[in-house]
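Each chain, letter by letter, is given below.
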Amino acid sequence: MVTTMTQSKMQGCGGISGKTILPDKTGHFGRFGGKFVPETIMPALDQLEKAYLEAKGDPSFNAELDYYLREYVGRPSTLYYAERLTKKLNGAKIYLKREDLNHTGAHKINNTIGQILLAIRMGKKRIIAETGAGQHGVATATAAAMFGIDCEVYMGEEDIRRQALNVFRMKLLGAKVVPVSSGSRTLKDATNEALRDWMASVRNTHYIIGSVVGPHPYPMIVRDFQVIIGKEVRKQILEKERRLPDYLIACVGGGSNSMGLFHPFLEDREVNMIGVEAGGLGIEIGQHASTLTSGEIGILHGSSSYVLQDEDGQTLPVHSISAGLDYPGVGPEHSYLKDIGRAKYVSITDDEAVNAFQECARLEGIIPALEAAHAIAYTIKFAPKLSKDKIIVLCLSGSGDKDSFEVAKKLGYKI
Amino acid sequence: MNRIDRKFQELKIEKKPAFIPFITAGDPELRTTRELILEFEKRGADIIELGIPFSDPIADGPIIQASYYRALMRGSKVAHVFDMVTEVRKKSEIPIVSMVSYSTVFKKGYQNFIESSLKAGLDGLTIPDLPVEENHELFEIAKKNDFKIVCFVAPTTSDHRMAMIAQQAQGFLYYISVVGITGVRDKLPDDIVQNIKKLKQMTKIPVAVGFGVSTSDHAKMISTVADGVIVGSAIMREIEKYEKEPTEKLIKCVGDFVGQLISGTKG
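The residue numbering used here restarts from 1 in each chain and proceeds along that chain's sequence as written. Each chain is given a letter, starting from A, and each ligand a number, starting from 1, according to the order in which they appear as written. Selection of residues for local features in this predicted model requires a pLDDT of at least 70, selection of side-chain atom pairs for listing and counting requires 80 or more, and totals for whole chains, interfaces and linings are taken over all residues. Only heavy atoms go into the side-chain values, all of them from the structure, while hydrogens and water stay out.

As recorded by an unreviewed UniProt entry, chain B carries the name Tryptophan synthase alpha chain and is attributed to Candidatus Brocadia sapporoensis. What UniProt records for chain B under Pathway (unreviewed entry) is the sentence "Amino-acid biosynthesis; L-tryptophan biosynthesis; L-tryptophan from chorismate: step 5/5." Word for word, the UniProt comment on chain B under Catalytic activity (unreviewed entry) is "(1S,2R)-1-C-(indol-3-yl)glycerol 3-phosphate + L-serine = D-glyceraldehyde 3-phosphate + L-tryptophan + H2O". UniProt positions are given in the numbering used here, feature names are shortened, and annotations may be inferred rather than shown by experiment.

Structure representation (structure tokens):
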């Protein structure tokens, strides 16, 4: 029995047993998930689900996806032993899963390549997307450019200000960036606007959602395109350490990089999972984006999940220094993992993230995205409490080049 | 009998279509909303669709979004909307169906929300982000209380889905005239007539048409095939126009506009 288990792990099998395959047929993860969207786009969700399930079982689709991930994205990304960070913290051994080394500098492209291949399969002629930090927007614009498809990206005006570099990159890539001036002018509002576009354009347009959020089948599809992160980690850590890690740590906004890392390990009880949310400036309403640690179950952007909202179900304002985590919702599967106790969720403040951003740059020569800096900040607090024989794998979800201006401003530098 | 059912029975005898104006609760303020409902009734409106403001309405265009935003900024809470409906009920028996986000209904709890709605004097709900697949529990509670959950059909809806929705429908069916969000439009699509005819073969429930219906000509065209005409954004645009004017002027001007739409609808 033990031998069989080990063998299956050595082969890099995901280890998800038939029983726990979620979502169910109706798109629910326990009491979370579902499809809460206007009737106009319900048929498109059905079409997408059907197309995805067909593609998933089609070897030629998978071969094509593998080809682009390998030749264009540059996968597999490395699992790098962060020696100086480990020594400094003097606790658990820390490995960084280097998603920042992917083409476009973040994990987002794993999903956009997959979804654009799906869009082509469905005969859709136009792509839309929402973006917060701009990483998903850039990854979508990149895939659209490479396949020669029209692309429009919705982005909140506040995020356009914070992420000017990514806005320029998207334009260079031939995408149209549509500024969103409603509401808080951030990721939530960009998502609303993309959904409204889709309401009108659904017959010829595919909406590439960038995280494991939204109505079914999106949380499932985005997860499946991101599990490559965890599958590679499993193989790499077994090669390096001959065993599975004790802790997986990743940041959670919508939750795509963390879900990609966690999911292939769900059945491995010895592997602990920690998702790190944006604690912003503090616990007061409007000062943070810690959906799982301080939200309640509700409905946002087409699914049921933990959300930050008031007693009338109105979405509350959120804040994070990181545009990619500045979101009042979270993927339904994370809510499920929290409820069943499989993953733990914690929160890190803006200041802690900015410190970790600098620490990682100085100790490892890697400038992490502010999103990933939240995961590093938690690791900095947590690793010293663990013995040296423990292993942490941290998902370094993206590069911090895009954040240089924002951090410089925060630290009082003029660029 | 539910006021919506009674109204459609009366209209059937009169052989007239229903005119259903949409109005955001609390824009510019709830007192004005109450007066506007009474004014619309006086002008000949048959049913009121009362929008409960929501922070993130994905089916709504810029005009209704902005009206929701203004109402929320002035502190309009769901409890206040119910209070306003209670006030209307002291003077009027016009059927009122509330358009509300599923987020709000879910947060308040099905039982609680329907009980509060009934107590205030509402006759039904339209929940644009709640498709038939997800509404069973809410439906059961509503049915027990003769409270109507109005379902939507869109131009993108397949025949198979249409039949499924038609079977569940209560009160009336809301046919979304355009592929898109709410808003003012110059022209309505050509497939409306064909789709409504198809829908009417599947169910005896009245069919009302909304989204994009902006002028009395549109209303006239729709009233030849459908049982009801819903106008939202065009009315909210008028309200926005007179928002800074004295309330009496606002009520008169918006009332005049609704009056024109009613003449278009009823011929």
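On we go.
Peer 1: Quick question: what am I supposed to make of the overall build of chain B here?
Peer 2: Elements are defined by DSSP. Helices are runs of H or I of four residues or more, strands are runs of E of two residues or more, and each kind is numbered from the N terminus. Of the regular secondary structure elements, chain B holds 12 helices and 8 strands. Taken over C-alpha atoms, the radius of gyration is set against a globule rule of 2.2 Å times the number of residues to the power 0.38. Taken against the 2.2 N^0.38 rule, which gives 18 Å for 267 residues, the C-alpha radius of gyration of chain B at 17 Å falls within 12% of a compact globule. Overall size of chain B, expressed as C-alpha extent along the three principal axes, is 50 × 40 × 35 Å. Per-residue burial over chain B gives 64% buried out of 267 residues. Carbon and sulfur atoms make up 51% of the accessible area of chain B, which totals about 10500 Å². Only protein chains enter the accessibility calculation, which uses a 1.4 Å probe; a residue is then buried when its area is under 20% of its type maximum, exposed when over 50%, and partly exposed in between. Residue-level accessible areas treat just the shown protein chains as cover; the underlying method is Shrake-Rupley with a 1.4 Å probe.

Peer 1: Which parts of the structure should I look at to understand the UniProt feature "active site" (unreviewed entry) in chain B?
Peer 2: Residue and element names in this part refer to chain B. In this structure's numbering, the residues bearing the UniProt feature "active site" (unreviewed entry) are E49 and D60. You can see E49 is positioned in strand 2 (residues 48-51). The exposure class assigned to E49 is buried, which follows from its relative accessible area of 2%. The criterion used for residue contact is that any of the two residues' heavy atoms lie within 4.5 Å. Apart from residues no more than four positions distant in its own chain, E49 is found in contact with I20, P21, F22, I23, V97, M99, T126, Y174 and I230. D60 sits in the buried class, given a relative accessible area of 3%.

Peer 1: How do you make sense of the sheet that holds strand 8 (residues 205-208) of chain A when you look at a structure like this?
Peer 2: For sheets, the rule is that strands pair by backbone hydrogen bonds, running either parallel or antiparallel. Residues and elements named next belong to chain A. A pair of strands is treated as paired once DSSP finds two or more bridges between them. Strand order in this open sheet of 4 strands is 7-6-5-8, and the pairing throughout is parallel. Looking at strand neighbours, the two that pair on one side only are strand 7 (176-180) and strand 8, the edges of this open sheet. On average, adjacent strands in this sheet sit at an angle of 25° to one another, irrespective of strand direction. Across 5 bridges, strand 6 (residues 150-156) lies against strand 7 in parallel orientation. Think of each axis as a best-fit line through the C-alpha atoms, taken over the contacting stretch in the case of a helix, with angles from 0 to 180 degrees between the N-to-C directions.

Peer 1: How should I be thinking about the environment of G365 of chain A in this particular structure?
Peer 2: All names here are of chain A. Tracing the sequence through the fold places G365 in the loop between helix 15 (350-364) and helix 16 (370-382). The exposed category is assigned to G365, whose relative accessible area is 65%. Residues G365 and F147, spaced 218 residues apart in sequence, show a C-alpha to C-alpha distance of 34 Å.

Peer 1: Even after reading the chapter, I still don't get the interface of chain B and chain A, so can you show me in this structure?
Peer 2: Chain B puts 38 residues into the contact, and the matching count from chain A is 34 residues. In this assembly, chain B packs against chain A so that about 3100 Å² is buried in total across both faces, 52% of it on carbon and sulfur atoms. Each salt bridge in this description consists of a side-chain nitrogen of Lys or Arg and a carboxyl oxygen of Asp or Glu lying within 4 Å of one another. At the junction of chain B with chain A, the criterion picks out 7 salt bridges. A salt bridge links D46 of chain A to R161 of chain B; its shortest N-O distance comes to 3.8 Å. Buried area is calculated as the accessible area (1.4 Å probe) missing from two parts once they are joined, with the contributions of both summed.

Peer 1: Please clarify how helix 12 (residues 247-266) of chain B should be interpreted in this entry.
Peer 2: Helical geometry note: an α-helix holds 3.6 residues per turn, so side chains three or four residues apart project in the same direction. Every helix has an expected span of 1.5 Å times one less than the residues it contains. Taking 1.5 Å of rise per residue, 20 residues should cover 28 Å, and helix 12 of chain B covers 28 Å from first to last C-alpha, within 8% of that figure. Among the residues trailing helix 12 of chain B, G267 of chain B stands out with phi positive, at a value near 70°.

Peer 1: Could you clarify how one ought to interpret the confidence of the model for chain A in this entry?
Peer 2: Detailed reading of predicted coordinates is not advised where the pLDDT is low. Overall, the prediction assigns chain A a mean pLDDT of 93, with 95% of residues at 70 or greater. Within the model, pLDDT remains below 50 along residues 1-19 of chain A, and this stretch shows 18 contacts once partners closer than five positions in the same chain are excluded. The predictor reports its confidence for every residue as pLDDT, a score running from 0 up to 100.

Peer 1: Looking at this structure, how should I read the packing of aromatic side chains?
Peer 2: Centre distance and the angle of the planes are the two values used to describe a pair of aromatic rings. Note on ring pairs: Phe, Tyr and Trp rings are taken, using the six-membered ring of Trp, and paired if centres are within 6.5 Å. Classes follow the plane angle, with under 30 degrees stacked, over 60 edge-to-face and the rest tilted. The final tally for this structure, using the stated rule, is 17 aromatic pairs over all chains. Note on Y52 of chain A and F225 of chain A: the rings are 5.9 Å apart at their centroids and 80° apart in plane angle, and the pair reads as edge-to-face. Here Y52 of chain A is found in helix 2 (residues 42-56), whereas its partner F225 of chain A is found in helix 10 (residues 218-226), with 173 residues between them in sequence. Each member of the pair, Y52 of chain A as well as F225 of chain A, carries the same accessibility label: buried. Grouping aromatic residues by their ring pairs yields a cluster made of F36 of chain A together with Y102, F106 and Y110 of chain B.

Peer 1: Could you clarify how one ought to interpret the packing of helix 6 (residues 110-120) of chain B against helix 7 (residues 136-144) of chain B in this entry?
Peer 2: Two packed helices can be described by the angle between their axes and the distance between those axes. Residue and element names in this part refer to chain B. Running from amino to carboxyl end, helix 6 crosses helix 7 at an angle of 35°, the nearest separation of the two axes being 10 Å. Remark: the crossing between helix 6 and helix 7 carries right-handed chirality. Where helix 6 approaches helix 7, its residues Y110, Q111 and I114 are matched on the opposing element by E137, L138, I141 and A142. Tallied by class, residues from the contact of helix 6 with helix 7 come to 5 nonpolar, 1 polar and 1 charged. A crossing counts as left-handed when the near helix is turned anticlockwise from the far one by less than a right angle, and as right-handed when that turn is clockwise. Lys, Arg, Asp and Glu make up the charged group, whereas Ala, Val, Leu, Ile, Met, Phe, Trp, Tyr, Cys and Pro make up the nonpolar group; the residues left over, Gly among them, are polar.

Peer 1: Just to check I follow, could you spell out the pattern of salt bridges for this structure?
Peer 2: Think of it this way: side chains of opposite charge can pair up when their charged atoms draw near. Tallied over the full model, the rule gives 63 salt bridges over all chains. Note that E232 of chain A is salt-bridged to K97 of chain A, the shortest N-O span being 2.7 Å. Highlighted residues: E232 of chain A in helix 11 (residues 228-241) and K97 of chain A in strand 4 (residues 93-98), separated in sequence by 135 residues. Of the residues examined, K97 of chain A reaches a relative accessible area of 0% and is grouped as buried. The salt bridge partner of D46 of chain B is K7 of chain B, with a shortest N-O separation of 3.9 Å. With D46 of chain B in the loop between helix 2 (30-43) and strand 2 and K7 of chain B in helix 1 (residues 3-14), the pair connects residues that are 39 residues apart, well separated along the chain. Residues participating in the shared-partner salt-bridge network are K35, E39 and D46 of chain A together with E133 and R161 of chain B.

Peer 1: Please clarify how unusual backbone geometry should be interpreted in this entry.
Peer 2: Peptide bonds are trans in most cases, and residues, glycine excluded, mostly fall at negative phi. Residue and element names in this part refer to chain A. Of note, the bond from H216 into P217 is cis; its omega dihedral lies within 30 degrees of zero at 10°. Relative to the assigned elements, P217 resides in the loop between strand 8 and helix 10. Non-glycine residue R185 carries a positive phi angle of around 60°. Along the chain, the position of R185 falls in the loop between strand 7 and helix 9 (187-201). With a relative accessible area of 33%, R185 lands in the partly exposed category.

Peer 1: What exactly am I supposed to notice about the side chain of S320 of chain A here?
Peer 2: Residues and elements named next belong to chain A. Looking at the secondary structure, you find S320 in the loop between strand 12 (303-307) and helix 14 (332-339). At 2.9 Å, the side chain of S320 and the backbone nitrogen of S322 are in polar contact. When sequence neighbours within four positions are dropped, the list of residues in contact with S320 reads R162, A278, L325, D326, D350 and H374. Identification of polar contacts relies on pairs of N or O atoms within 3.5 Å, with a donor-acceptor requirement for protein atoms, meaning one able to donate a hydrogen and the other able to accept it, and with residues adjacent in sequence counted only if both atoms are side-chain atoms.

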